Amino acid sequence: MRFDMQLTYQSFELLLKHPFTIAKFSRTSTPLMLVQIAHEGYTGYGEASMVPYMGESHQSANDFLSKVDVSQFKYPFDFAAIINYLDSIAPGNPAIKAAIDIALHDFDGKLKGQPCWKLLGSDPPKMPVTSFTVGIDTKEVILQKVKEAVGLKVIKVKLGRDSDKELIKTIRSVTDVPLYVDANQGWTDRKQSLDLIYWLAEQGVQLIEQPMLKTDIDGNAWITEHSPIPIIGDEAVQRLADVEKAKDVYHGINIKLMKSAGMYEARQMINKARELRLKILIGCMSETSCATLAAAALAPQCDWADLDGPFLTTNNPYKMPGFNNGKWVLNDEAGLGLRFNN
């Protein structure tokens, strides 16, 4: 079936509540591209969150979208063919490809009158708790961020500097909730890192993302072999082809829609990871409720979730999704279930 669909998009700057600092950089906002695909009263919504280190921008997104011919998208959608078509336009650009993929999934759900999570085979009672990220900062700001995390069941801590232990001690002075840690490739000495990991395990840390440079395969594999807690590949795992490479290097992978080029390939990554017996964390960039709901539709198929975008921003253009007891709530509305601020 051929649709006369219209593709529209707007640049947007998503503002963060606090400067976001990790091992290698800091920022106060994130450029987004908000995408809509419409046909005869139905509109699918998507989002590209283009964090600077990934190399995308408003300009690159505009350039890419100007080349997209939506008449290529015949119904029922062949999402494998669609991602192949998008990849043929230009390499890279996973976030803007994700925006199109998310919008098409939302559109598809609305046409079928089914929520995306159901079409993707998720089971809502299996939704994992989501973590709340605390970036590297001063003791006063860290304590403020932890205070903002009241009601969440897990805190994710950005590490990767000489102050790692002090940051953890600061958090532990006010809360005993479980912790996830993301080193963002910030550690360089494998033996010192392993000593720190054992100490972090004693502090209630349940997993660690990307301890060393993604190119240091031997170093990450050695840490994984000796670590008492799961080691998760993040920067090292972008798209489906990277999942197989993660086996025997990490205990698991971090899937983000902005890396995987959207929901379709993220689900393929989940299936491949299960086949390889890798654990799965589904994560996010700085995102609105749109991309959060897209990832939440797949989260019940994962072991852990780090989908805290709406908690960390000040100008989310959409309503906050349902949230209860530390978990996102999947509703029965068709598509993503995205709701708009009045």
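See above for the structure.
Residues numbered from 1 in each chain as written. Predicted model: local features only at pLDDT ≥ 70, side-chain atom pairs only at ≥ 80, totals over all residues. Heavy atoms only, no water.

Engineer: Hey, could you go over the overall build of the protein chain for me, with residue numbers and the actual values?
Structural biologist: In terms of regular secondary structure, the protein chain is built from 12 helices and 13 strands. In terms of overall dimensions, the protein chain is globule-like: its C-alpha atoms have a radius of gyration of 19 Å, near the 20 Å expected for 342 residues. Seen through its C-alpha atoms, the protein chain measures out along the principal axes to roughly 60 × 40 × 40 Å. Within the span of the protein chain, comprising 342 residues, buried residues form 58% of the whole. Summarising the internal contacts of the protein chain: among those between residues at least 6 apart in sequence, 69% fall at separations of at least 24. (Helix = DSSP H or I, 4+ residues; strand = E, 2+ residues; numbered from the N terminus. Rg over C-alpha atoms; globule rule 2.2 N^0.38 Å. Buried < 20%, exposed > 50% of the residue type's maximum accessible area, 1.4 Å probe, protein only. Contact = heavy atoms within 4.5 Å.)

Engineer: Report on the nonpolar core, specifying residues and quantitative values.
Structural biologist: Core analysis: the biggest nonpolar cluster contains 110 residues, and Val68, Phe73, Leu86, Leu200 and Met263 have the highest contact counts within it. When residues of this core are assigned to their parent elements, the largest contribution, nine residues, is made by helix α3 (residues 94–112). (Core = buried A, V, L, I, M, F, W, Y, C linked by side-chain atoms within 4.5 Å.)

Engineer: Summarise unusual backbone geometry; cite the residues concerned and give the values.
Structural biologist: Here the residue pair Tyr75 and Pro76 is connected by a cis peptide bond, since its omega of 5 degrees sits within 30 degrees of zero. Of note, the phi angle at Ala261 is positive, near 70 degrees, even though the residue is not glycine. Position of Ala261 relative to the elements: it lies in the loop between α10 (257–260) and α11 (263–275). The backbone of Asn325 sits at a positive phi, close to 55 degrees, despite the residue not being glycine. Within the element layout of this structure, Asn325 appears in the loop between β12 (323–324) and β13 (327–328).

Engineer: Can you break down the pairing of strand β3 (residues 42–49) residue by residue, with the values?
Structural biologist: Most of β3 sits inside the fold, with six of its eight residues counted as buried. Direction of pairing for strand β2 (residues 26–39) relative to β3: antiparallel, over a ladder of eight bridges. Its bridge partner lying in β3, Leu34 is registered against Glu47. Between the end of β2 and the start of β3, which pair antiparallel, lie two residues, with Glu40 showing a positive phi angle near 45 degrees. (Pairing = 2+ DSSP bridges.)

Engineer: Pulling in residues and values, what's your account of the pairing of strand β9 (residues 252–256)?
Structural biologist: With five of its five residues buried, β9 lies for the most part within the structure. On β9, burial covers both faces: Gly252, Asn254 and Lys256 on one face and Ile253 and Ile255 on the other are all buried. As defined by bridge partners, strand β8 (residues 231–233) adjoins β9 across two bridges and the pair is classed as parallel. Bridging from a neighbouring strand, Ile232 pairs with Gly252 of β9. Crossover handedness for the path β8 to helix α9 (residues 240–246) to β9: right-handed. Both β9 and strand β10 (residues 279–283) contribute to a ladder of five bridges, which runs parallel. Bridging from a neighbouring strand, Asn254 pairs with Leu281 of β10. (Right-handed = clockwise from strand over helix to strand, strands pointing away.)

Engineer: Tell me what's going on with the packing of aromatic side chains, and back it up with residues and numbers.
Structural biologist: Summed over all chains, the structure comprises 10 aromatic pairs. Note on Phe73 and Tyr85: the rings are 6.0 Å apart at their centroids and 75 degrees apart in plane angle, and the pair reads as edge-to-face. Note that Phe73 is positioned in the loop between α1 (58–65) and α2 (79–89) and Tyr85 in helix α2, a separation of 12 residues in sequence. Judged by its relative accessible area of 1%, Phe73 is buried. Aromatic side chains Phe79 and Tyr264 sit 6.5 Å apart centroid to centroid with 20 degrees between the ring planes, which places their arrangement in the stacked category. Within this pair, whereas Phe79 is found in helix α2, its partner Tyr264 is found in helix α11, the two being separated by 185 residues in sequence. Each member of the aromatic cluster is reached from another via a ring pair, and the members are Tyr75, Phe77, Phe79, Phe107 and Tyr264. (Phe/Tyr/Trp six-rings, centres within 6.5 Å; stacked < 30°, edge-to-face > 60°.)

Engineer: Let's hear about the sheet that holds strand β4 (residues 131–134): which residues, and what values?
Structural biologist: Backbone hydrogen bonds are what pair the strands of a sheet, in a parallel or an antiparallel way. Across the sheet, eight strands lie side by side as β4-β5-β6-β7-β8-β9-β10-β11; this open sheet has parallel pairing. Where the open sheet ends on each side, the last strands, each with one partner, are β4 and β11 (304–305). Its contacts with the sheet place α11 against β9 and β10, and it is angled at close to 170 degrees to β9. (Axes fitted to C-alpha atoms, helices over the stretch in contact; angles between N-to-C directions.)

On their own, these measurements won't tell you what the molecule is for.
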